[in-house]
Amino acid sequence: MKVIVCKDYAEVSKEAYKVMKEVMTSKEEVVLGLATGSTPIGLYQEMAKDYKAGNVSYKNTKTFNLDEYVGIDRNHPESYYTFMNTNLFEHIDIDTNNTILPYGDTAKDCADYEASMSACSIDLQVLGIGGNAHIGFNEPGTSFDSLTHIVDLQEATIKDNARFFDNDMSKVPTQAISMGIATIMKSKKVILIASGANKADAVYGMVKGEITEVVPASILQNHADVILVVDEAAASKL
Ligand code: PGA
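Rules of the game
Residues numbered from 1 in each chain as written. Predicted model: local features only at pLDDT ≥ 70, side-chain atom pairs only at ≥ 80, totals over all residues. Heavy atoms only, no water. Phe/Tyr/Trp six-rings, centres within 6.5 Å; stacked < 30°, edge-to-face > 60°. Helix = DSSP H or I, 4+ residues; strand = E, 2+ residues; numbered from the N terminus. Buried < 20%, exposed > 50% of the residue type's maximum accessible area, 1.4 Å probe, protein only. Core = buried A, V, L, I, M, F, W, Y, C linked by side-chain atoms within 4.5 Å. Contact = heavy atoms within 4.5 Å. Expected span 1.5 Å × (residues − 1). Arc of directions from axis to C-beta. Pairing = 2+ DSSP bridges. Right-handed = clockwise from strand over helix to strand, strands pointing away. Salt bridge = Lys/Arg side-chain N within 4 Å of Asp/Glu carboxyl O. Polar contact = N/O pair within 3.5 Å; in protein donor to acceptor, adjacent residues only side chain to side chain. Axes fitted to C-alpha atoms, helices over the stretch in contact; angles between N-to-C directions.

A. Spatial organisation of the packing of aromatic side chains. Throughout the structure, instances matching the rule amount to five aromatic pairs. A centroid spacing of 6.1 Å and a plane angle of 70° characterise the contact between F64 and Y113, whose relative ring orientation is edge-to-face. With F64 in strand 3 (residues 62-65) and Y113 in helix 4 (residues 107-118), the pair connects residues that are 49 residues apart, well separated along the chain. Looking at F64, the relative accessible area reads 0%, which means it is buried. You can call Y113 buried: its relative accessible area is 5%.

B. Representation of the nonpolar core within the structure. Ranked by internal contacts, the top residues of the largest apolar core, which has 70 residues, are M20, Y44 and Y58. In this structure Y44 touches L34, A35, F83, M84, N87, L88 and V126, once residues within four positions along its chain are discounted.

C. Broad picture of helix 4. In this model helix 4 runs 16 Å from its N-terminal to its C-terminal C-alpha over twelve residues, within 8% of the 16 Å that 1.5 Å per residue would give. Every buried residue of helix 4 is listed here: C110, Y113, E114 and M117. Each buried residue of helix 4 sits inside an arc of 100° when the element is viewed along its axis, so together they form one side. On the buried face of helix 4, the contacting elements are strand 3, strand 5 (99-100), strand 7 (149-152), strand 8 (175-178) and helix 6 (181-185).

D. Structural view of the pairing of strand 2 (residues 31-34). The side-chain alternation of strand 2 yields two buried faces, one formed by V31 and G33 and the other by L32 and L34. Of the strand pairs in this sheet, strand 2 and strand 3 are connected by four bridges, and their pairing is parallel. Its bridge partner being in strand 3, G33 is matched across the sheet by F64. For the crossover that starts at strand 2, traverses helix 2 (residues 41-52) and ends in the parallel strand 3, the hand is right-handed. Bridge count for strand 2 against strand 6 (residues 124-127) is two bridges, and the pairing is parallel. Bridge pairing in strand 6 links G33 to Q125.

E. Seen up close, the pattern of salt bridges. Within this structure, the stated rule accounts for 13 salt bridges. Two residues, E46 and K49, come together in a salt bridge whose shortest N-O distance is 3.6 Å. In this pair, E46 and K49 both sit in helix 2, three residues apart, roughly one turn of the helix. When the shortest N-O distance is used, the salt bridge between D225 and K189 registers 3.3 Å.

F. View of the side chain of H223. With respect to the helices and strands, H223 occurs in the loop between helix 7 (200-208) and strand 10 (226-231). Within the structure, H223 has its side chain in polar contact with the backbone oxygen of S187 (distance 2.7 Å). Beyond its immediate chain neighbours, meaning those up to four positions away, H223 contacts M185, S187, K188, K189 and V190.

G. Fine view of the sheet that holds strand 1 (residues 2-6). With parallel pairing, the seven strands of this open sheet are ordered in space as 1-10-9-6-2-3-5. Of all the strands in the sheet, the pair left with one neighbour each is strand 1 and strand 5. In this structure, strand 6 lies alongside strand 9 (residues 190-194), joined through three bridges in parallel fashion. Looking at strand 9, one finds that L127 is bridged to L192. Packing of helix 7 onto the sheet brings it into contact with strand 9 and strand 10, and relative to strand 10 it is tilted by some 150°.

H. Representation of the sheet that holds strand 7 within the structure. Read across the sheet, three strands follow the order 4-8-7 without closing on themselves; strand pairing throughout is antiparallel. Because the sheet does not close on itself, it has two edges, and the strands there are strand 4 (67-69) and strand 7. Across the sheet, the axes of successive neighbouring strands diverge by a mean angle of 25°, strand direction being ignored. As defined by bridge partners, strand 4 adjoins strand 8 across three bridges and the pair is classed as antiparallel. For D67, the partnering residue across the bridge sits in strand 8 and is S178.

Given below as structure tokens:
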């Protein structure tokens, strides 16, 4: 695992974008795995900026997102579908037919999403990390063998995400559809970005802890090509 420690969030976003640009310019048709949450927003802004400068095109790019809430409409302001359009897709030249997010709550929805990803192969998967070390919505205890599945969100995650729902935990969906850990591990390359002291324990567990399903991100120690980009606060326990 390559670890890059940056002084602050702005630098994290710039370093993460360097990795993204290298992959984007390495071949004609890139497949990206994308994440939502506060952390990747800076990276997405760097992507949009460099696209506007004419340096990179997403015309031939296909994207798969990690996860989506169950039980909220796609056009809900806090759906991940809306998040991706607002924070990235509207600002680059990607064909929205090629921006794919999981959706639904049945075993068939999960199998269909998995099949759509298996038809290609993700060149670069962007990940954030939860304070509880979740990746995607794979909460502690999720099997390392899991494929796309329906997840019950843990209270800690509902609490973390209440900030997007008027700080009202009762408004936060309680389930999500998420790529599984085995799905994420199939990506050719992974970049995980983390910022802030509230991620320090999770980052420690991911890099130096025991590889255990209790710490979902720890599985990344077994992936051949992972880059971790963190600020000093998130790296403070390494
Ligand atoms: P955050 O979420 O970027 O909003 O901190 C990360 C995650 O839960 O994966």
